[in-house]
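As a plain string of letters, each chain reads:
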Amino acid sequence: MAMEGDIERAVELLMPARQVVAFTGAGMSKGCGVETFRGKGGIWERFNAEDLATMEGFLRDPELVWRWNEKRRSHIQTIEPHPGYKAIVDLEGGVDEVVVVTQNIDGLHERSGSHRVIELHGNVWKVRCAAEENEPWVDLRVPLPEIPPRCECGGFLRPHVVWFGEPLERRVILEATAVSDSCNAMLVIGTSAVVYPAAGLPLVAKQGGAAIIEVNPEVTPVSEYADVSLYAPAEEVLPELVDLFLERKGIGAESAE
Ligand code: BJW
């Protein structure tokens, strides 16, 4: 559990910040019932990453990959973002800009109302053709009419997510690196920080002079250089942190809406 003194320290670090990055991972959505990938009960305990998260796995068995993604889509559709999501939106009322840089593909930050969201690993609500180089588009149908879904060209559609061995979109990683470099504070929330290049962003922020505030019940590689680590679930500690920050700024959480 996060100690009161650590929350105080995190608020102190946030007070002078003008630009804040909230860098999030699967643990951010754990409190909504979305599974994490690693750790106890994580997706990779039951499924093989090579089968579900590589192009080779998709080409071997597109139906398996799509059945898993359909299950995720139908689950995510039914859940509501937890209060930690609203806290990140409320934070916008106390600083010049909050940029959410997320590894998550569930779209929950946008749904919560965050204004600037950079999705590093894509979005499960978007699809694109696996055979042609075309732009992704939104497809909210659950269930999809056929599994695996097909493109007009006859090829298979794939989820617009980044699998292992695939490059992140150049524009996306450049933008995420730029905001990490220029921010005054970065909240590193619910990520094991082992998947690169995303995991390098907190280090970019640190080297750029930003204060690093980690939110995670477990120790991660970021804990080593974070200015403060709040060892607690995001859904519990983020509302407390942001409420105290806005109070110190003389802004009620309500008026920040
Ligand atoms: C809570 C909580 C609560 C629990 N509150 N917290 C350098 C070194 C070594 C390897 C590499 C390297 N550079 C690149 C690589 C290879 C690879 C990689 O990083 N591998 C490592 C695993 C070793 N990277 C790639 O392949 C990337 N591509 C690439 O590098 O391309 C290069 C290239 C260039 C040019 C041409 C071609 C290629 C792509 C990475 C894509 C990652 N994709 C995935 C899944 C997609 C599948 C899908 O969803 O459909 O993205 S992997 C998976 O991990 C997912 C996540 O976004 C990502 C990160 O996981 P995250 O978010 O950190 O979650 P967890 O589960 O790991 O952690 C959860 C945390 O929450 C834990 O810490 C908990 O304690 C905590 N928590 N409850 C707060 N309530």
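This is a predicted model, so every value here is computed, not measured. (Residues numbered from 1 in each chain as written. Predicted model: local features only at pLDDT ≥ 70, side-chain atom pairs only at ≥ 80, totals over all residues. Heavy atoms only, no water.)

Engineer: Whenever I open this one, the packing of helix α1 (residues 4-14) against helix α11 (residues 234-248) confuses me. Can you help?
Structural biologist: Angle between the axes and distance between the axes are the two parameters that describe a pair of packed helices. Two numbers describe how α1 lies on α11: the axes approach to 10 Å, and their chain directions differ by 50°. As the angle between them shows, α1 and α11 are arranged oblique. Here the hand of the crossing between α1 and α11 comes out right-handed. Contacts between α1 and α11 pair Glu4, Ile7, Glu8, Ala10, Val11 and Leu14 from the former with Val237, Glu240, Leu241, Leu244, Phe245 and Arg248 from the latter. (Axes fitted to C-alpha atoms, helices over the stretch in contact; angles between N-to-C directions. Helix = DSSP H or I, 4+ residues; strand = E, 2+ residues; numbered from the N terminus. Parallel < 35°, antiparallel > 145°, perpendicular 65-115°, else oblique. Left-handed = near helix turned anticlockwise from the far one by under 90°. Contact = heavy atoms within 4.5 Å.)

Engineer: Help me understand the layout of surface pockets, please; the structure alone is not making it clear to me.
Structural biologist: Once rolled over the atoms, a probe with the size of a water molecule shows which space is left empty. In this model, the second largest pocket occupies a volume close to 680 Å³. Lining the second largest pocket are 29 residues, with Arg128, Pro136, His160, Pro167 and Glu169 sitting closest to its centre. Where the lining of the second largest pocket is concerned, the elements lending two or more residues are β3 (117-119), β4 (122-129), β6 (157-161) and α9 (170-182). Counting residues per element, the lining of the second largest pocket draws most heavily on β4, which supplies five residues. (1 Å grid on protein atoms, 1.4 Å probe; cavity = no way out; pocket = protein on both sides within 12 Å on 5 of 7 lines; lining within 4 Å. Points joined across faces, edges and corners; volume = space filled by probe spheres on them.)

Engineer: What is the right way to read the pairing of strand β2 (residues 97-102) from this model?
Structural biologist: Look at any regular strand and the pattern is simple: side chains alternate between the two faces of the sheet. Counting buried positions along β2 gives five out of six residues, so the element sits mostly inside the fold. Bridge analysis of strand β1 (residues 19-24) against β2 gives six bridges, and the strand direction is parallel. Paired with alanine 22 across the strands is valine 100, a residue of β2. Bridge analysis of β2 against β3 gives three bridges, and the strand direction is parallel. Bridging across to β3, valine 100 finds its partner in valine 117. (Buried < 20%, exposed > 50% of the residue type's maximum accessible area, 1.4 Å probe, protein only. Pairing = 2+ DSSP bridges.)

Engineer: Quick question: what am I supposed to make of helix α6 (residues 62-78) here?
Structural biologist: The α-helix advances 3.6 residues per turn, and as a result positions three or four apart in sequence lie on the same side. Taking 1.5 Å as the rise per residue, α6 with 17 residues should run 24 Å; its terminal C-alpha atoms sit 25 Å apart, in good agreement. Of the positions making up α6, those classed as buried are Pro62, Val65, Trp66, Trp68, Asn69, Glu70, Arg72, Arg73 and Ile76. Looking at the packing, one finds that the buried side of α6 touches α3 (43-46), α4 (49-52), α5 (55-60), α8 (108-112), β4 and β6. (Expected span 1.5 Å × (residues − 1).)

Engineer: What is the right way to read the pairing of strand β8 (residues 211-215) from this model?
Structural biologist: In terms of residue burial, β8 counts as a mostly covered element, since five of its five residues are buried. Every second residue of β8 is oriented toward a common face, with Ala211, Ile213 and Val215 on one face and Ile212 and Glu214 on the other, all of them buried. Sheet topology note: the strand β7 (residues 185-189)/β8 ladder contains five bridges and is parallel. Opposite valine 188, over in β8, you have glutamate 214 as the bridge partner. Read from β7 through helix α10 (residues 201-207) to β8, the crossover connection turns out right-handed. Relative to strand β9 (residues 228-230), β8 runs parallel, the two sharing three bridges. In the sheet register, glutamate 214 faces β9, and the bridge partner there is serine 229. (Right-handed = clockwise from strand over helix to strand, strands pointing away.)

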